[in-house]
Amino acid sequence: MPLNLIRDAWIPVRATDGTRRLMAPWQMADPDLACPDWPRADLTIACYELLIGLIFLADPPEDADDWEDRQAPDPDRLRRRLAPFADAFNLTGGGPTFLQDLDLHDGAANPPDMLFIDSAGDNTARNNADLMVRRARYGSLDLPVAAMALYAFQAHAPSGGAGNRTSMRGGGPLVTLVDPGEGLWPLLWANVPDGTPATPEVLPWMRPTATSKDGAAVRPEQSHPAEAFFGMPRRLRLVVEDRRVTGVIQRPWGTNYAGWTHPLTPYYRVKPESERLPVHPKAGTFGYRNWLGVVVENDKGGLREQAAVVRMRHDRHLRGELIVAGWAMDNMKPRDFILSRALLLNLEEDRADLVRGMVKAADQIAAALRHALAPVLAEGEAREAVREEFYRRTQSAFEVLIGRLSDGSADTVAPDWLAEMRANALDGLFNTHALPGLHQRDIKQQRAITNAHGDLYATLAGRTKAGVKAWTALRLDPTTVPKERRQRAMTDDDPGKAILGWWAREIGDRSASRARAQAARLSRAEALEVITEPCVHALSRQINLRDPARLVPLVQVLAHVRTHGPSSLARRLGAGDTAPLSPARFQRLIRADETELVDQLRRALRMVNRECNVARLGGDLIRWDEETTRTRWSFDYFGQVAPGTVPDAEATPELPQE
């Protein structure tokens, strides 16, 4: 028995109570239905499009008032309005058949799985190149699945070789559906554009195909707007045996659609006066980075435009979520099927502008992060993966902050978003990828990494061109933030403070003969002599350090310091146009083990007149085996901001007062 797509129950659906059944299209207005229940997500999305198209074809709302008046489901009315179209929706037979070429009846048939975008094409199969796509998965299809696959293929058709056209939205368009979250009918009705009913004659399979071999095109003014939902870019005919589709005959040069815009797809322009082009999804998670012109309206005069039904939500006072779906394609090759949900925003313009600013600011920071990782990651997929990870890590925080905008508390959203981006871009991803093993890298690479960290830090602080753009997008003023140099803080329990106090009391005052003599003695002493000194015992107790292997080098080096100052030894060694210690010697210094360290530091101190921050030096010496210590020395040497820092005024302890 032939399948009629209007009269027959053929669409699998799930009811609100969880049960499954088949429905005829007019039953979509049953209030007890929740959603279509196809075995593939792309078929489910296509089914939503088909049902919306049927309503638009037979019984669309005239305007916003009519839409409001007809929200309540009315299956009987829908059945009456669809009945005149039934003869145009036979899937098989000798006359006009659904979405199939009227004059195409014989020829070599392709396997029926050609109707699925992620199936291998002929060339791919011949070359054994079907790694991410599959061949010969479906030897035959039952009629309902074939009907739905046929619709999905015509609506989303990718490039298919010479003469085989893409859909009117190109291969794999992005589909956006407003979902009020109240079941099947409210979702469908929310996405039906305003319009006037059509007649069966407007459907393209009811007449000979308008072929495109000679460059001919069908424009919107030549047809009814409903053809946006029922276009025929491919010339196809199903081969049916025993109520199963066993093949698909295809001929090239189907209809070329020019100038059409589909109500369920967002569009963009390359430049203001150019043609609208459909948006296509990118592989991976659909996150906030893709929201502009899709979830949130773009700037006035912007080049991106939300789908028509999404723009209509304001007049219809709709709330809920936005379903975002579509195949991410690389020309003819499918990469990923996107199926995601996003917030359906209904914000005042001022707050919507802040959302746009948050996305734009994130784009600036993500690009700066990608550039900053050049010294450690190769150009291309490696750095792009980190940028995607930045967007993924900040997605939940973005949504939380958008929720605060919707709830009315907006004052701290911009600075909180900036803090979130810093935590993930600088403290998280950059430090994770670039800093481990920094002191073991080539000195040129160390310089490049520390400089890149400084540039990224400056961008987040609004001090670079990209940073100014990010802050301006968030309506923040980077000129109001003090431009502080920053160093590591000394906490109350930091051993550096105790070490500085000991140095000042015992050997720091070189004008006193006792301190001068003790410093001279310790500077020349061997290990055994050092640990027998009473003042060294006192230091050991103060900082709770009993290990001679760490205590002795500490004392031997401190004995060579004559002046306590604000700058760390590493920063002084790298300061100026010509650094007191060459990069090559500095590299040997930070790679030095305990047996070499004292001699190298003694020589380094002589190059800076034996002056440095004693607390910093002492604390670093007893933590020399920690990677973070040597990482900070690399940053200090190259004059860059080290991770985990505070302003200088808080970082440099003063000499203890007598």
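Everything that follows concerns the structure shown earlier in this document.
About the thresholds
- Residues numbered from 1 in each chain as written.
- Predicted model: local features only at pLDDT ≥ 70, side-chain atom pairs only at ≥ 80, totals over all residues.
- Heavy atoms only, no water.
- Buried < 20%, exposed > 50% of the residue type's maximum accessible area, 1.4 Å probe, protein only.
- Helix = DSSP H or I, 4+ residues; strand = E, 2+ residues; numbered from the N terminus.
- Arc of directions from axis to C-beta.
- Contact = heavy atoms within 4.5 Å.
- Phe/Tyr/Trp six-rings, centres within 6.5 Å; stacked < 30°, edge-to-face > 60°.
- Pairing = 2+ DSSP bridges.
- Axes fitted to C-alpha atoms, helices over the stretch in contact; angles between N-to-C directions.
- Expected span 1.5 Å × (residues − 1).
- Left-handed = near helix turned anticlockwise from the far one by under 90°.
- Nonpolar A, V, L, I, M, F, W, Y, C, P; charged D, E, K, R; others polar.
- Salt bridge = Lys/Arg side-chain N within 4 Å of Asp/Glu carboxyl O.

A. Here's a closer look at helix α20 (residues 583-590). Burial in α20 covers these residues: F586, Q587, L589 and I590. The buried residues of α20 all sit within an arc of 160° when viewed along its axis, so they share a single face. Next to the buried residues of α20 lie α12 (443-460), α19 (569-574), α21 (594-607) and α23 (627-637).

B. Region of the structure containing the packing of aromatic side chains. In the structure shown here, the tally under the stated rule is 23 aromatic pairs. Judged by centre distance (5.0 Å) and plane angle (85°), the rings of Y637 and F638 are edge-to-face. The class of Y637 is buried, set by a relative accessible area of 3%. Within the aromatic cluster, the residues linked to one another by ring pairs are Y288, W291, F390, Y391, F398 and W417.

C. Structural context of the sheet that holds strand β6 (residues 175-179). Strand order in the open sheet formed by three strands is β6-β12-β13, and the pairing between neighbours is antiparallel. Of all the strands in the sheet, the pair left with one neighbour each is β6 and β13 (333-343). If you compare each strand with its neighbour and ignore which way they point, the axes differ by 15° on average. Note that strand β12 (residues 321-330) and β13 share 10 bridges and pair antiparallel. For G326, the partnering residue across the bridge sits in β13 and is I338.

D. Fine view of the pairing of β12. Of all 10 residues making up β12, eight are buried, and the element is well covered by its neighbours. Taken together, the five bridges between β6 and β12 define a ladder with antiparallel strand orientation. Of the residues in β12, the one forming a bridge with V175 is A325. Here β12 folds back onto β13 in antiparallel fashion, the turn holding two residues, of which N331 has a positive phi close to 60°.

E. Looking closely at α21. Counted at 1.5 Å a residue, the expected span for α21 with its 14 residues is 20 Å, and the 21 Å between its end C-alpha atoms agrees. Listing the buried residues of α21 in full gives L597, V598, Q600, L601, R602, A604 and L605. Just downstream of α21, N609 is the residue with a positive phi angle, here 55°.

F. Summary view of the packing of α20 against α21. As a packed pair, α20 and α21 sit with axes 9 Å apart at the nearest point and diverge in direction by 140°. Every pair of crossing elements has a handedness; the one defined by α20 and α21 is left-handed. Packed against α20, whose contacting residues are R585, R588 and L589, the element α21 presents L597, Q600, L601 and M607 at the interface. By residue class, the composition of the contact of α20 with α21 is four nonpolar, one polar and two charged.

G. Layout of the pattern of salt bridges. A full pass over the atoms with the stated rule returns 39 salt bridges. Between R311 and E305 there is a salt bridge, with its nearest N and O atoms 3.4 Å apart. Since its relative accessible area comes to 35%, R311 is described here as partly exposed. Note that D636 and R616 form a salt bridge whose closest N and O atoms lie 2.6 Å from each other. On the criterion of sequence distance, the pair formed by D636 in helix α23 and R616 in helix α22 (residues 614-621) is long-range, its members being 20 residues apart. The network of salt bridges with shared partners includes D59, D66, R70, R77 and R81.

On their own, these measurements won't tell you what the molecule is for.
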